[in-house]
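Chains, contacts and geometry: an overview
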Amino acid sequence: MERKKRSIWVFGDYRNYFQNRVTLQLISRANDLAKIIGAEVCVTVFGHDTDEWVGEYIAHGAMKVYVCDHPDLKFYSNDVYITLMERLVRRYEPEILLVGATTFGREFAPRLAKRLKTGLTADCIGLDINEDGILIQTAPAFGGNLLTKIVTPERRPQMATVRPGTFQEIPHNYHATGEIVPVPLPEDLPKDRIRLISSERQPSREQKLEDAAVVVCGGRGMGSRKKFKNLYELARVLGGEVGATRPVVYSKWAEDETLVGQADKHIKPKVLFSFGISGAIQHTAGIKDAGFIIAVNKNPNAVMMKMADVAIVADAGQVCTALIRELKKRIRS
Amino acid sequence: MRAGDTTKMLKMIVCIKQVPMVSELPWDPKTGVLTRDAAEGMMNPACKSALEAALRLKEEHNGQITAITMGPPMAMEVLHEALAMGADRCLMLSDPKMAGADTQVTSFTLARAIEIFCSDYDLILCGCHTSDSETAQVGPQIAEELDIPSAAYVENLSVKGKTIRIERIADHFLETLEMDLPGLVTVTTGHFTPRYIPIGGLQDAFGEPNILTVGAHDLSLDENTIGLKGSPTKILEVFSSTAGKKNVVLTGAPKKIVEELFKRFDDTIGSVIRKDLKAVK
């Protein structure tokens, strides 16, 4: 029997394309890994009228795209997509399968991995190949305080989900050519056990905090509702957004929309100011993708202070006031 | 509906997990598995919200709740808490052979226990996410193992007959879905703020707790298919993510601290806010 060419696959997740370029980012990383193990980068696209996405994926580095295009696939469906993907994987046996950690991907990937009886690592922030050609998956745990390196040594494909924004996409090249492999819609697909009743786009302002380059987060250590309001002034001067911990929102010092945490908003600012936050895991899980962290707390041993690039041991309210004053002086010049 | 008519009851299973209360933990450097018995535990917040969702459905539909956990003996605490909150009975999966399981094997083990001890369910509820390993995979994988539909990150839900209506935020869309029962949902902490434990509940929990403890043998599971041995993923290494941080500590009067901060990091901050933050000469 002819030996199959090694391949790395990316699940083409195109819903909300303009907010979410995770598929392109994964194609880029898959190209890096493919060079090391001598594999081709393949993308799967399931849906209807998908030509645009197929073209984009090829322009961004896909060498082969498996396309199942049919009116019945107009809406995303876990039951249908998992069955389609399972059959393709069994037929072509990719080494690695990467899925974006979108809401859909987070449900699709675990069920698919279960059906394929293989391992899956969630929310990888690093993907590398070791000397044995095995995928090393680096994933956060405990609110980002710990990182773990995980492998799936025997089962295939090695599966991982990756959050949007983790890798950089390759700039597009519309002269790139890739092979398009049409996949006929199987006749025996399962009936969808979930029906979509309605779907409404969330107002876009919801995204502001999650996408802000600068976030000023405050906790109970700000002392009072009045002092907490100063953080809004600091955020305004910095051109950033305000985030809050759960106790602050419960105390009505800040609006519900500002809540940053594990089951709430996940933020990824380049610079994060953290005022009077001790660093409970429910909060730190929401800031694990933050870049440069400046934390202010009276307690130098707080978890948040250990996570920071700069730990300022002082009263959070006073430092906030001093920062606003100093920034206004400097920015005016 | 006739009281005691269990055929018309809404039968629910809530899967809960005990997670460590602290964020800095000892782990076994050899296996990379966390030594859970070294830290004080609590019920994972999202699991508690799942239990709250089940309790509200129970009040509305004459339901019955079975809480299940898998973990070391100390994880029994979360089952006592579940009983105190209003769960009717509990199932505890505990066996050294089950330790070190990844999500594939955890969901396999839980699904086998559900099939053996409470196969007559309408709805399974899980937390959307745990605060320790944070994979969000076990819920959907239990559903796949049992071949039932699932919906993750559920904000709100209501049951009508043999279907469940679900509201959730999925990839920036507010979705309303209808799912056939039996099915599985994973619940966020957004809508279902857990209740305080009623006084009567404490007596239920500690009087004669309705908790059944089972091990690998009771589930007829081969030890090669469970725990660390049966897991397709292996942990190579666990390390602190803050190791690479410089962690500069600044102390003193706020005004001096702020001056020092800008002296050292004006470029770091300035490049992000796109302003020149050099001191005014």
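The rules behind each value
Residues numbered from 1 in each chain as written. Chains lettered and ligands numbered in written order. Predicted model: local features only at pLDDT ≥ 70, side-chain atom pairs only at ≥ 80, totals over all residues. Helix = DSSP H or I, 4+ residues; strand = E, 2+ residues; numbered from the N terminus. Contact = placed C-beta atoms within 7 Å. Expected span 1.5 Å × (residues − 1). Buried ≥ 20, exposed ≤ 12 C-beta atoms within 10 Å, placed from the backbone. Pairing = 2+ DSSP bridges. Axes fitted to C-alpha atoms, helices over the stretch in contact; angles between N-to-C directions. pLDDT = per-residue confidence, 0-100. Domains from an automatic or database assignment. Nonpolar A, V, L, I, M, F, W, Y, C, P; charged D, E, K, R; others polar. Core = buried A, V, L, I, M, F, W, Y, C linked by C-beta atoms within 7 Å.

Helices and strands together make up the secondary structure of chain B, namely 7 helices and 13 strands. Contacts in chain B between residues far apart in sequence, at least 24 positions, make up 71% of those at least 6 positions apart.

Helix and strand counts for chain A stand at 10 helices and 16 strands. Dimensions of chain A, computed from C-alpha atoms along their principal axes, come out at roughly 70 × 50 × 40 Å.

Our next topic: helix α3 (residues 78-92) of chain A. All names here are of chain A. The terminal C-alpha atoms of α3 lie 21 Å apart, and with 15 residues this matches the ideal 21 Å at 1.5 Å per residue to within 8%. Every buried residue of α3 is accounted for by Asn78, Val80, Tyr81, Ile82, Leu84, Met85, Leu88 and Val89. Downstream of α3 by one or two residues, glutamate 93 has phi in the positive range, about 50°.

Moving on: the sheet that holds strand β10 (residues 179-182) of chain A. Residues and elements named next belong to chain A. Taken together, the 7 strands give an open sheet; going across it, the order is β5-β9-β4-β1-β2-β3-β10, and neighbouring strands pair in parallel fashion. In this open sheet, the two edge strands, each paired with only one partner strand, are β5 (120-124) and β10. Across this sheet, the average inter-strand angle for adjacent strands is 25°, counted without regard to direction. In the packing of helix α1 (residues 22-37) onto the sheet, the strands contacted are β1 (7-11), β2 (40-47), β4 (96-100) and β9 (158-162), and the crossing angle to β1 comes to about 170°. In this fold α3 packs onto β1, β2, β3 (64-69) and β4, with an angle of close to 150° to the strand it touches most, β2.

Below, the discussion takes up the confidence of the model for chain B. Per-residue confidence for chain B gives a mean pLDDT of 88; residues scoring 70 or more make up 88%. This prediction of the complex comes with two scores: 0.82 for pTM and 0.85 for ipTM.

Next up on the list: the interface of chain A and chain B. On the chain B side, the residues contacting the 79 residues of chain A number 78 residues. By residue number, the principal contributor to the side of chain A that touches chain B is helix α4 (residues 103-116) of chain A, which donates 9 residues. One ladder, built from 7 bridges, connects strand β11 (residues 194-201) of chain A with strand β9 (residues 173-180) of chain B; its direction is antiparallel. Paired with Glu200(A) across the two strands is Leu174(B), which belongs to β9(B).

This paragraph deals with the domain arrangement of chain A. When its domains are assigned, chain A resolves into domain 1 (7-182) and domain 2 (204-332). Of the residues belonging to the side of domain 1 of chain A that touches domain 2 of chain A, the class tally is 2 nonpolar, 4 polar and no charged.

Moving on to the sheet that holds β9(B). Strands sit in the order β11(A)-β9(B)-β8(B)-β7(B)-β10(B)-β6(B)-β1(B)-β4(B)-β5(B)-β11(B) across an open sheet of 10 strands; the sheet is mixed. The open sheet is flanked by β11 of chain A together with β11 (211-214) of chain B, the only strands paired with a single partner. Taking each pair of neighbouring strands and ignoring which way they run, the sheet shows an average axis angle of 25°. Of the strand pairs in this sheet, strand β7 (residues 150-160) of chain B and strand β10 (residues 183-187) of chain B are connected by 3 bridges, and their pairing is parallel. Directly across from Val154(B), in β10(B), lies its bridge partner Val187(B). Against the sheet, α4(A) contacts β7 and β8 (163-170) of chain B, and its axis sits at roughly 95° relative to β7(B). Here helix α2 (residues 76-85) of chain B sits on the sheet and contacts β4 (64-70), β5 (89-93) and β11 of chain B; the angle it forms with β5(B), its principal contact strand, is near 170°.

What follows deals with the domain arrangement of chain B. The domains assigned to chain B are domain 1 (6-230) and domain 2 (248-281). Using C-alpha coordinates to define each centre, domain 1 of chain B is positioned 48 Å away from domain 2 of chain B.

Another point: the nonpolar core. Core analysis: the biggest nonpolar cluster contains 135 residues, and Val14(B), Ala50(B), Leu51(B), Ala54(B), Ala67(B), Ala82(B) and Leu125(B) have the highest contact counts within it. Counting residues per element, this core draws most heavily on helix α1 (residues 45-61) of chain B, which supplies 8 residues. Ignoring sequence-local partners within four residues, the contact set of Val14(B) consists of Ala50(B), Leu51(B), Ala54(B), Ile65(B), Ala67(B), Ala87(B) and Leu125(B). Among the nonpolar cores identified, the runner-up in size contains 52 residues, and Val248(A), Ala295(A), Met304(A) and Ile312(A) belong to it.

With that out of the way, let us pick up the pairing of β8(B). Residue and element names in this part refer to chain B. Residues of β8 alternate between two faces, with Ile164, Ile166, Arg168 and Ala170 buried on one and Thr163, Arg165, Glu167 and Ile169 left unburied on the opposite face. As judged from the 6 bridges shared by β7 and β8, these two strands associate in the antiparallel manner. What sits directly across from serine 158, in β8, is arginine 165. Once β7 ends, the chain turns through 2 residues before running back antiparallel as β8, passing glycine 161 with a positive phi of about 60°. Across 8 bridges, the pairing between β8 and β9 is antiparallel. The residue bridging isoleucine 164 from the neighbouring strand is methionine 179, located in β9.

Once that is clear, we can look at the environment of Ala87(B). All names here are of chain B. Its place among the elements puts alanine 87 in the loop between α2 and β5. A C-alpha to C-alpha distance of 5.1 Å links alanine 87 and isoleucine 65, two positions 22 residues apart in sequence. Ignoring anything within four residues of it in the chain, the contact list for alanine 87 reads Val14, Leu51, Ile65, Ala67 and Ala82.

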